[in-house]
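Each chain is listed here by its residues.
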Amino acid sequence: MTQINPEIEESWRNALIQEFESQYFIDLKNFLIEEKKQHIIYPPGNRIFNAFNLTPLDKVKVVIIGQDPYHGAGQAHGLCFSVPDGIIPPPSLVNIFKELKSDLNLIIPKTGNLEKWARQGVLLLNATLTVRDSHAGSHQGKGWERFTDAVIKVISARRENVVFILWGNYAQAKAQLIDANKHFILKGVHPSPLSASRGFFGCRHFSQTNRLLSGAGMSEIDWTL
């Protein structure tokens, strides 16, 4: 039988070992094995934990929480809202770039690849880490949410002064997992075209994040791409 073993950076592996050894995660692996036999799933197996591999636990300064990977061919590469170089940025990402321009007067980038943010300590975390081709939300309720909730709890417990950016009701529900006495929580409207005009535009979360980091004695994020 094909095995799906977590290809994940060592600090995260050590922090999450109980999750990887738990029954729900074993069930999740088995589900993914069966899915791969019948369907195309995204992102590719070696990119499922891309966010963790680019942003080790001790480097996390900012967490942006998304819901699902993109479900179109070539789009998902393990970072929420991000797409690989050469892929047209989806609508929510376009709106994120519009807010960046408004907030920090940055030129809208030609690439939708957010790896540069991840390497600076921005954990780009989807609540569900895989999806079936062309079927949005198809891997919800299979165990990923339990795993990523554990990730948020680990960050909350082990780090200090992390800025959690929660866009939309789904992400905002994760606030209950975060110790607000140790961390900063920015809540706002989701950047989707369905909602962005109702408060995402003008939220200024990027400049707010840098002020909070600077005030806590940490280096700011260079949001240019």
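Trainee: Explanation requested: the overall build of the chain in the structure shown.
Mentor: When helices and strands are counted, the chain shows nine helices and six strands. A compact globule built from 225 residues would reach a C-alpha radius of gyration of about 17 Å, and the chain, at 17 Å, matches this within 12%. Its C-alpha atoms put the chain at 50 × 35 × 25 Å along the principal axes. The buried share of the chain, reckoned over its 225 residues, is 53%. The contacts in the chain between residues at least 6 apart in sequence include a share of 68% that link residues at least 24 apart. For the chain, the exposed area adds up to about 10,500 Å²; of that, 48% sits on carbon and sulfur atoms. Computed over 24 positive and 21 negative side-chain charges, the separation of the two mean positions in the chain equals 4 Å.

Trainee: Could you clarify how one ought to interpret the layout of surface pockets in this entry?
Mentor: In this approach, a probe sized like a water molecule rolls over the atoms, and the result shows the empty space that is left. Estimates place the volume of the largest pocket at around 420 Å³. Along the walls of the largest pocket sit 26 residues, with Gly66, Gln67, Asp68, Phe81 and His190 positioned nearest its centre. Mapped onto the lining of the largest pocket, the elements with two or more residues apiece are β2 (62-66), α5 (91-104) and α8 (168-172). In terms of residues, the lining of the largest pocket owes the most to one element, α8, which gives four residues.

Trainee: Just checking my understanding: could you explain the side chain of Ser82 for this structure?
Mentor: Its place among the elements puts Ser82 in the loop between β2 and α5. Of the residues examined, Ser82 reaches a relative accessible area of 0% and is grouped as buried. From its side chain, Ser82 meets the backbone oxygen of Gly112 in a polar contact 3.3 Å long. Contacts of Ser82, omitting those with residues within four sequence positions, involve Tyr70, Gln75, His77, Leu93, Gly112, Asn113 and Leu114.

Trainee: Any chance you could explain the sheet that holds strand β5 (residues 163-167) here in plain terms?
Mentor: Backbone hydrogen bonds hold the strands of a sheet together, and the pairing may be parallel or antiparallel. Across the sheet, which stays open at both edges, the four strands sit in the order β3-β2-β5-β6 with parallel pairing between neighbours. Each edge of the open sheet carries a strand with a single partner, namely β3 (122-126) and β6 (184-188). Averaged over all adjacent pairs, the angle separating strand axes in this sheet is 20 degrees, with direction ignored. Looking at chain direction, β2 and β5 are connected through four bridges and run parallel. Looking across to β5, one finds that Val62 is bridged to Val163.

Trainee: In this structure, what is going on with the nonpolar core? I would like to understand it.
Mentor: Considering soluble globular proteins, one finds that nonpolar side chains tend to be buried as a cluster. Residues Trp12, Phe49, Phe147 and Ile155 are the most contacted members of the largest nonpolar core, which totals 63 residues. Among the elements that make up this core, the one with the highest residue count is helix α7 (residues 144-158) (six residues). Look past the residues within four positions of Phe49 in its chain and what remains in contact with it is Pro6, Glu7, Ile8, Phe20, Phe25, Leu129, Trp144 and Phe147.

Trainee: Just checking my understanding: could you explain the pattern of salt bridges for this structure?
Mentor: Pairs can form between side chains of opposite charge whenever their charged atoms are close. Inspection of every chain in the model, using the stated rule, returns six salt bridges. Residue Arg204 is joined to Asp103 by a salt bridge in which the shortest nitrogen-to-oxygen separation is 3.4 Å. A residue pair is termed long-range when its members are at least 10 positions apart, and Arg204 in the loop between β6 and α9 (205-215) and Asp103 in helix α5 qualify at 101 residues. Residue classification places Arg204 among the partly exposed residues on the basis of a relative accessible area of 39%. By relative accessible area, Asp103 is classed as buried at 6%.

Trainee: Please clarify how empty space enclosed by the protein should be interpreted in this entry.
Mentor: Per the stated rule, a full pass over the model turns up two cavities of 30 Å³ or more. What the second largest cavity holds in volume is close to 40 Å³. Lining the second largest cavity are Ile48, Pro69, Gly78, Leu79, Cys80, Leu124, Asn126, Thr128 and Leu129. Partitioned by chemical class, the residues of the lining of the second largest cavity number six nonpolar, three polar and no charged.

Trainee: Would you explain the packing of α5 against α9 in this entry?
Mentor: Each pair of packed helices can be described by the angle between their axes along with the distance between the axes. Contact geometry of α5 with α9 gives a least axis separation of 8 Å together with a crossing angle of 60 degrees. On the basis of the axis angle, α5 is oblique to α9. Contact residues: Ile96, Glu99, Leu100, Asp103 and Leu104 in α5; His205, Phe206 and Ser207 in α9. For the contact of α5 with α9, the class distribution of residues is four nonpolar, two polar and two charged.

Thresholds, definitions, all that
Residues numbered from 1 in each chain as written. Predicted model: local features only at pLDDT ≥ 70, side-chain atom pairs only at ≥ 80, totals over all residues. Heavy atoms only, no water. Helix = DSSP H or I, 4+ residues; strand = E, 2+ residues; numbered from the N terminus. Rg over C-alpha atoms; globule rule 2.2 N^0.38 Å. Buried < 20%, exposed > 50% of the residue type's maximum accessible area, 1.4 Å probe, protein only. Contact = heavy atoms within 4.5 Å. Areas by Shrake-Rupley, 256 points an atom, 1.4 Å probe, with all protein chains shown as cover. Lys, Arg positive; Asp, Glu negative; His and termini not counted. Charge placed at Lys NZ, Arg CZ, Asp CG, Glu CD. 1 Å grid on protein atoms, 1.4 Å probe; cavity = no way out; pocket = protein on both sides within 12 Å on 5 of 7 lines; lining within 4 Å. Points joined across faces, edges and corners; volume = space filled by probe spheres on them. Polar contact = N/O pair within 3.5 Å; in protein donor to acceptor, adjacent residues only side chain to side chain. Pairing = 2+ DSSP bridges. Axes fitted to C-alpha atoms, helices over the stretch in contact; angles between N-to-C directions. Core = buried A, V, L, I, M, F, W, Y, C linked by side-chain atoms within 4.5 Å. Salt bridge = Lys/Arg side-chain N within 4 Å of Asp/Glu carboxyl O. Nonpolar A, V, L, I, M, F, W, Y, C, P; charged D, E, K, R; others polar. Parallel < 35°, antiparallel > 145°, perpendicular 65-115°, else oblique.

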